[in-house]
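# Understanding the architecture of this molecule
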Amino acid sequence: MDIKQAQLEINELKNAGKYEAMLRTAAILTRLLAKRNVKPIIVGGLSVTIYTQNDYTTRDIDMVSDGYETISNILKELDFKKEGRHFYNDYIEIAIEIPDSYLEGDYSRVQKVFIDDLNYVYLISIEDIILDRLRAAVHWKSIEDRKWGFKLLASNIDSLDKQYLFANCQAQKEVNELDNWFTSIAAGETD
């Protein structure tokens, strides 16, 4: 895929739903970057949206990658304008942020998620996004992050690596909160 083809595909997303437009934009960007050996990983709200099958709503695409300059140049070629920390495309009303070059999590757990036969994205693991929401709940007292971290845990309880979750807590308060979440789920709570 070249920039011209990518631009056409992005412009076709004008009337798509927000979730589809964000996911497909991320996939187009991922395909373009693959040729340059850059691997953008979806983190933040869009990863929660993907794992909750569009139950959670986010306003932007957060990706981490060590190829910031390459991503920045490609986004500009795709008519994204830099506005503060975001790149924004007015035509499709999509914002992309590259908040860090380092994944706060385990790279070996990153998921390659196919959208169709040709398009895919890289996605932070379910355990690592749960840990991200757990940290925000504990340290920032974020009620919203507590709600969605708990929902992610509850809806994926049978497939999670519980040992990994506890081993990667960074503070005793996180361990305590995570333990409370597991206890609540065992008692039948899911929300």
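Residues numbered from 1 in each chain as written. Predicted model: local features only at pLDDT ≥ 70, side-chain atom pairs only at ≥ 80, totals over all residues. Heavy atoms only, no water.

### Things to note about the overall build of the chain
- Helix and strand counts for the chain come out as 8 helices and 7 strands.
- Here the C-alpha radius of gyration of the chain, 17 Å, is about what a compact globule of 191 residues would show, namely 16 Å.
- Each of the three principal axes of the chain carries a C-alpha extent, and together these read 55 × 35 × 30 Å.
- Counting only residues that meet the buried cut, the chain has 51% of its 191 residues in that class. (Helix = DSSP H or I, 4+ residues; strand = E, 2+ residues; numbered from the N terminus. Rg over C-alpha atoms; globule rule 2.2 N^0.38 Å. Buried < 20%, exposed > 50% of the residue type's maximum accessible area, 1.4 Å probe, protein only.)

### Overview of the nonpolar core
- Core analysis: the biggest nonpolar cluster contains 62 residues, and Phe80 and Leu153 have the highest contact counts within it.
- Looking at this core, the element that brings in the most residues is helix 2 (residues 18-34), giving 9 residues.
- Among all residues touching phenylalanine 80, those that are not within four sequence positions of it are Ile10, Thr25, Leu75, Phe87, Tyr88, Asn89, Ile92, Ile94 and Ile96. (Core = buried A, V, L, I, M, F, W, Y, C linked by side-chain atoms within 4.5 Å. Contact = heavy atoms within 4.5 Å.)

### Examining the sheet that holds strand 3 (residues 81-83)
- The strand order across the open sheet built from 7 strands is 3-4-5-2-1-7-6, with neighbouring strands paired in mixed fashion. Where the open sheet ends on each side, the last strands, each with one partner, are strand 3 and strand 6 (111-114). Direction aside, neighbouring strands of the sheet carry axes that sit 40° apart on average.
- As paired strands, strand 3 and strand 4 (residues 86-89) are joined by 3 bridges and run antiparallel to one another. Bridge pairing in strand 4 places lysine 81 opposite tyrosine 88.
- Packing of helix 2 onto the sheet brings it into contact with strand 1 (41-43), strand 2 (61-64), strand 5 (94-100) and strand 7 (120-123), and relative to strand 7 it is tilted by some 90°.
- Packed on one face of the sheet, helix 4 (residues 68-77) meets strand 3, strand 4 and strand 5 and runs near 20° to strand 4. (Pairing = 2+ DSSP bridges. Axes fitted to C-alpha atoms, helices over the stretch in contact; angles between N-to-C directions.)

### Structural notes on the pairing of strand 5
- Burial analysis of strand 5 places 5 of its 7 residues in the buried class, which makes it a mostly covered element.
- Examined bridge by bridge, strand 2 and strand 5 share 3 bridges and lie parallel to one another. Looking at strand 5, one finds that aspartate 62 is bridged to glutamate 97.
- Pairing between strand 4 and strand 5: 4 bridges, direction antiparallel.

### Considering the layout of surface pockets
- Taken as a whole, the largest pocket spans an internal volume of roughly 590 Å³.
- If you go around the largest pocket, you meet 22 residues; those closest to its centre are Val43, Gly44, Asp132, Arg133 and Trp140.
- Elements represented by at least two residues in the lining of the largest pocket include exactly helix 3 (44-51), strand 2, strand 5 and helix 5 (126-139).
- When residues of the lining of the largest pocket are assigned to their parent elements, the largest contribution, 6 residues, is made by helix 5. (1 Å grid on protein atoms, 1.4 Å probe; cavity = no way out; pocket = protein on both sides within 12 Å on 5 of 7 lines; lining within 4 Å. Points joined across faces, edges and corners; volume = space filled by probe spheres on them.)

### A look at unusual backbone geometry
- Residue glutamine 53 is not a glycine yet carries a positive backbone phi of 55°.
- In this structure, glutamine 53 sits in the loop between helix 3 and strand 2.
- On the basis of relative accessible area, glutamine 53 is assigned to the exposed category, the value being 70%.
- Backbone geometry at glutamate 93 places phi at a positive 55°, although glycine is not the residue there.
- Relative to the helices and strands, glutamate 93 resides in the loop between strand 4 and strand 5.

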